[in-house]
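# Residue-level structural notes
Single-letter residue listing:
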Amino acid sequence: MPARQESCCFTGHRPAKLPWGYNERDPRCVRLKERIADAVLLAYQEGYRHFLCGMAQGCDLYFCEIVLALRVKHPEVTLEAAVPCPTQADAWPEAERDRYRELVARCDMETMVSDTYSSTCMQRRDRYMVDHAMLLIAAFDGTAGGTRYTVEYALRRGIEIFDVSIPTE
């Protein structure tokens, strides 16, 4: 298990909460991906080598792809898929399920946080990531939900938070 002091995790919204939904060609989405990439590079430059991703649709998958791109240039980077339950992607559109499976397969490790779906498995996944990291990169707009829960949990745990603002225009 990688050392917590060199580990960084991520939280961010799913497409339903993003102004552009699933349209990743929207200029706001392109800017958000650039901001996440800048934050990931900065984390790397500060000594973070292990990245944990919750593998949800939207911002999590952007983060995963960005870390995988960083790993091409810096092979010492590792990426962990922190999956809440085996059925996480079952109800997603087919293209998103394929993307998810391909990304999980490219991760260095996969941690299945719960054996089955439950009403708390997503929060358990979020706590797992925060408990195993010293930095949280967050694409957060302040609204209620899983991202807010993760940010608040990280604050209570005293880990550093790098806020990546979500472009609205």
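Please refer to the structure higher up on the page.
Below: a short report on this structure. (Residues numbered from 1 in each chain as written. Predicted model: local features only at pLDDT ≥ 70, side-chain atom pairs only at ≥ 80, totals over all residues. Heavy atoms only, no water.)

### Quick word on the pairing of strand E4 (residues 109–112)
Looking down a regular strand, the side chains alternate between one sheet face and the other. Spelled out, the test is: What makes two strands pair is DSSP finding at least two bridges between them. The helix count covers DSSP runs of H or I at least four residues long, the strand count covers runs of E at least two residues long, and both are numbered beginning at the N terminus.
Across four bridges, the pairing between strand E3 (residues 78–83) and E4 is parallel. Bridged to Val-83 within E4 is Met-112.

### Things to note about the pattern of salt bridges
The condition that has to hold: In what follows, salt bridge is the name for a side-chain nitrogen of Lys or Arg lying within 4 Å of a carboxyl oxygen of Asp or Glu. For every residue, the accessible area obtained with a 1.4 Å probe (protein chains only) is divided by the maximum for its type, and the residue is called buried under 20%, exposed over 50%, and partly exposed between those limits.
Per the stated rule, a full pass over the model turns up 12 salt bridges. Of the charged contacts, one joins Glu-96 and Arg-99 as a salt bridge, the two residues approaching to 3.2 Å between their closest N and O atoms. Taken as a pair, Glu-96 and Arg-99 lie in helix H3 (residues 94–106) at a separation of three residues, close to a single helical turn. Among the ionic pairs, Arg-125 bridges to Asp-126, the shortest N-O distance being 2.7 Å. Comparing Arg-125 with Asp-126 shows no difference in burial state: the two are buried. Salt bridges here are not isolated pairs; linked through shared partners, they connect Glu-24, Lys-33, Glu-65, Glu-96 and Arg-99.

### Structural notes on the packing of helix H2 (residues 59–73) against H3
Relative orientation and spacing of two packed helices are given, respectively, by the angle between their axes and the distance between those axes. Keep this limit in mind: Here an axis means a line fitted to C-alpha atoms, over the contact stretch when the element is a helix, while the angle between two N-to-C directions is reported on a 0 to 180 degree scale. Any angle between 65 and 115 degrees counts as roughly perpendicular, while under 35 counts as roughly parallel, over 145 as roughly antiparallel, and the rest as oblique. In this scheme, a crossing is called left-handed if the near helix is turned counterclockwise away from the far one by less than a right angle; it is called right-handed if the turn is clockwise. Should any heavy atoms of two residues lie within 4.5 Å, those residues are considered in contact. Any residue that is not Ala, Val, Leu, Ile, Met, Phe, Trp, Tyr, Cys, Pro, Asp, Glu, Lys or Arg is counted as polar, Gly included; the first ten are nonpolar and the last four charged.
Where H2 meets H3, the axes come as close as 11 Å, and the angle between the chain directions of the two elements is 40°. Classified by the angle between their axes, H2 and H3 sit oblique to one another. H2 and H3 meet at a crossing whose hand is left-handed. Residues Leu-61, Tyr-62, Cys-64, Glu-65, Leu-68 and Arg-71 of H2 form the contact with H3, whose own contacting residues are Glu-96, Arg-99, Leu-103 and Arg-106. In terms of residue class, the contact of H2 with H3 is built from five nonpolar, no polar and five charged.

### Regarding the packing of aromatic side chains
Let me state the cut-off plainly: Only Phe, Tyr and Trp rings take part, Trp by its six-membered ring, and two of them pair if their centres are within 6.5 Å. Stacked means planes under 30 degrees apart, edge-to-face means over 60, and tilted covers everything else. For a ring to carry a charge above it, either NZ of a lysine or CZ of an arginine must fall within 6 Å of the ring centroid while also lying within 35 degrees of the normal to the ring plane.
Tallied over the entire structure, the rule returns four aromatic pairs. Relative to Phe-63, the ring of Phe-10 lies with its centre 4.6 Å away and its plane at 10°, an arrangement referred to as stacked. Residue Phe-10 is found in strand E1 (residues 7–12), and its partner Phe-63 is found in helix H2; the two are separated by 53 residues along the sequence. Where Tyr-149 meets Tyr-153, the ring centres are 6.3 Å apart and the plane angle is 5°; that geometry is what we call stacked. With a gap of four residues between them, Tyr-149 and Tyr-153 both fall in helix H5 (residues 146–157), about one helical turn apart. Both residues of the pair, Tyr-149 and Tyr-153, belong to the buried class. Among the aromatic residues, those joined into a ring-pair cluster are Phe-10, Phe-51 and Phe-63. Its guanidinium or amino end placed over the ring of Tyr-62, Lys-33 lies 4.9 Å from that ring's centre, counting from NZ or CZ. Sitting over the face of the ring of Tyr-44, Arg-49 holds its NZ or CZ atom 3.8 Å from the ring centroid.

### Topic: the packing of helix H1 (residues 27–45) against H2
Orientation of H1 relative to H2, taken along the N-to-C sense of each, is 50°, at an axis distance of 10 Å. Judged by the angle between their axes, H1 and H2 are oblique. In this structure, H1 meets H2 at a crossing whose hand is right-handed. Of the residues in H2, those in contact with Cys-29, Leu-32, Lys-33, Ile-36, Ala-37, Val-40, Leu-41 and Tyr-44 of H1 are Cys-59, Tyr-62, Phe-63, Ile-66, Val-67 and Leu-70. Class assignment for the residues of the contact of H1 with H2 results in 13 nonpolar, no polar and one charged.

### Observations regarding the sheet that holds strand E5 (residues 135–139)
Spatial ordering of the open sheet is given by E4-E3-E2-E1-E5-E6, a layout of six strands whose pairing is parallel. Sheet topology places E4 and strand E6 (160–163) at the edges, where each strand pairs with a single neighbour. Pairs of neighbouring strands in the sheet enclose a mean axial angle of 25°, with direction left out of account. Of the strands in this sheet, E1, strand E2 (50–53), E3 and E5 touch H2, which is tilted by about 155° from E2.

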